[in-house]
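Working through the structure, step by step
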Amino acid sequence: MVDSKETVVAVRDLQKSYKGQEVLKNINLSVKKGSIFALLGSNGAGKTTTIRILSTLLKADKGSAFINGFNVSKEPEEVRGVISLTGQYAAVDEGLSGRENLRMIGKLRHLPEANKKADELLERVDLLDAADKRVATYSGGMRRRLDLAMSLLGNPPVIFLDEPTTGLDPQSRLSLWQMIKELSAAGTTVFLTTQYLEEADHLADHIAILNKGEIVAEGTSRDLKKLLPHGHIELGFHQVGEVRAAFKLLDEFHPTIHPEGQKIILSTDGSIKQMTDMLNRLDQAEISVTQLTQKQPTLEDVFLTIIGEKEGA
Ligand SMILES: Nc1ncnc2c1ncn2[C@@H]1O[C@H](COP(=O)(O)OP(=O)(O)OP(=O)(O)O)[C@@H](O)[C@H]1O
């Protein structure tokens, strides 16, 4: 059994090599019911390999993985009954319409009321208007939405999305993000892989950063951003004299002069308390701030810092 009723995906010490090359080194993961989990990594990090093992398409060399309490290597049929995996365009018949594709797959899977279900899903993924057009005429975003609808047939409690928005334009990406959020809100557990830090940041309740087959950091987006020692703020002033005075007064926050004139940049821990403290000091010294910009570290900063530390170690 897995450790808790709330844990839907539990991965322990998973390892995989291809011809002596270690592709996954001791992966441990745990995904909570109804959450969105993002496995974030660059090309070749091992994301697809992980998803293929979890969805029973590939065997791990060592370790174990459970989905809804079923063991992926010992109970693959049961696992397949509770998951779906998107990214399988091969299943889509280009010559048929979106509606025909969905109905056909529903019937092949002997789903009750397959036609009705197909129409409900078309509405859910916002494809009703294009439902009767041939898939060959669909844009990239429409294909992804149809693919998502196909994998939602049969209401699987866990869905795997392998790089769901790669290659999509910003608008299609936003619309897919919205759908993924709605799925999770309705109780579906979503396990996705992405190369986009912004995507993980925007969508995921929990993020694991995979680098060269290892999880190098894990947590909420907020946790990961905290790994960075500091963010920074920029303060702008009217006069050069004020810039100098502020620079001296806030010495402990490692000020630097902004290249664009009458501004200073200060390191902070990102807390409101620290920012209030800085502003109070300036106020007491009667130095007025004309502009304040807070720059939070991005996940990209986190990613580069962690990878840099690992490589430097
Ligand atoms: N069938 C295979 N035979 C040999 N090596 C493989 C095979 N499949 C994957 N690899 C290697 O394993 C590593 C991880 O690949 P994987 O596809 O899991 O990465 P990924 O994080 O999904 O990357 P991408 O974003 O490029 O898909 C890569 O170095 C890849 O070349």
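Residues numbered from 1 in each chain as written. Predicted model: local features only at pLDDT ≥ 70, side-chain atom pairs only at ≥ 80, totals over all residues.

Turning our attention to the sheet that holds strand 9 (residues 206-211). Overall, mixed pairing links the 6 strands, which are arranged 6-7-8-3-9-10 in an open sheet. Edge strands, defined here as strands with exactly one partner in the open sheet, are strand 6 (83-85) and strand 10 (214-219). Pairs of neighbouring strands in the sheet enclose a mean axial angle of 15°, with direction left out of account. With respect to the sheet, helix 6 (residues 170-185) is in contact with strand 3 (36-40), strand 7 (158-162) and strand 8 (189-194), its orientation differing from that of strand 8 by roughly 150°. (Pairing = 2+ DSSP bridges. Helix = DSSP H or I, 4+ residues; strand = E, 2+ residues; numbered from the N terminus. Axes fitted to C-alpha atoms, helices over the stretch in contact; angles between N-to-C directions. Contact = placed C-beta atoms within 7 Å.)

Time to look at the site of the ligand. Looking at the ligand, the residues that line it are Tyr18, Val23, Gly41, Asn43, Gly44, Ala45, Gly46, Lys47, Thr48, Thr49 and Gln195. Top contributing element to the shell around the ligand by residue count: helix 1 (residues 47-54), with 3 residues. In terms of residue class, the shell around the ligand is built from 3 nonpolar, 7 polar and 1 charged. (Near = placed C-beta within 6 Å. Nonpolar A, V, L, I, M, F, W, Y, C, P; charged D, E, K, R; others polar.)

Per-residue pLDDT for the protein chain has a mean of 88; in total, 92% of the residues score no lower than 70. Ranking the helices and strands of the protein chain by mean pLDDT puts strand 4 (residues 62-67) first, with 97, and helix 11 (residues 299-312) last, with 68. ipTM for the predicted complex: 0.94, alongside a pTM of 0.78. (pLDDT = per-residue confidence, 0-100.)

Two modes of strand pairing occur in sheets, parallel and antiparallel, and in both the strands are linked by backbone hydrogen bonds. Pairing is antiparallel in the open sheet, where 4 strands are placed in the order 12-13-11-14. Pairing within the sheet leaves two strands with one partner each, and these edge strands are strand 12 (256-257) and strand 14 (289-295). Bridge count for strand 12 against strand 13 (residues 263-268) is 2 bridges, and the pairing is antiparallel. The residue bridging Ile257 from the neighbouring strand is Ile264, located in strand 13. The strands touched by helix 9 (residues 240-249) within the sheet are strand 11 (231-237) and strand 13, with strand 11 carrying the most contacts at an inclination of about 145°.

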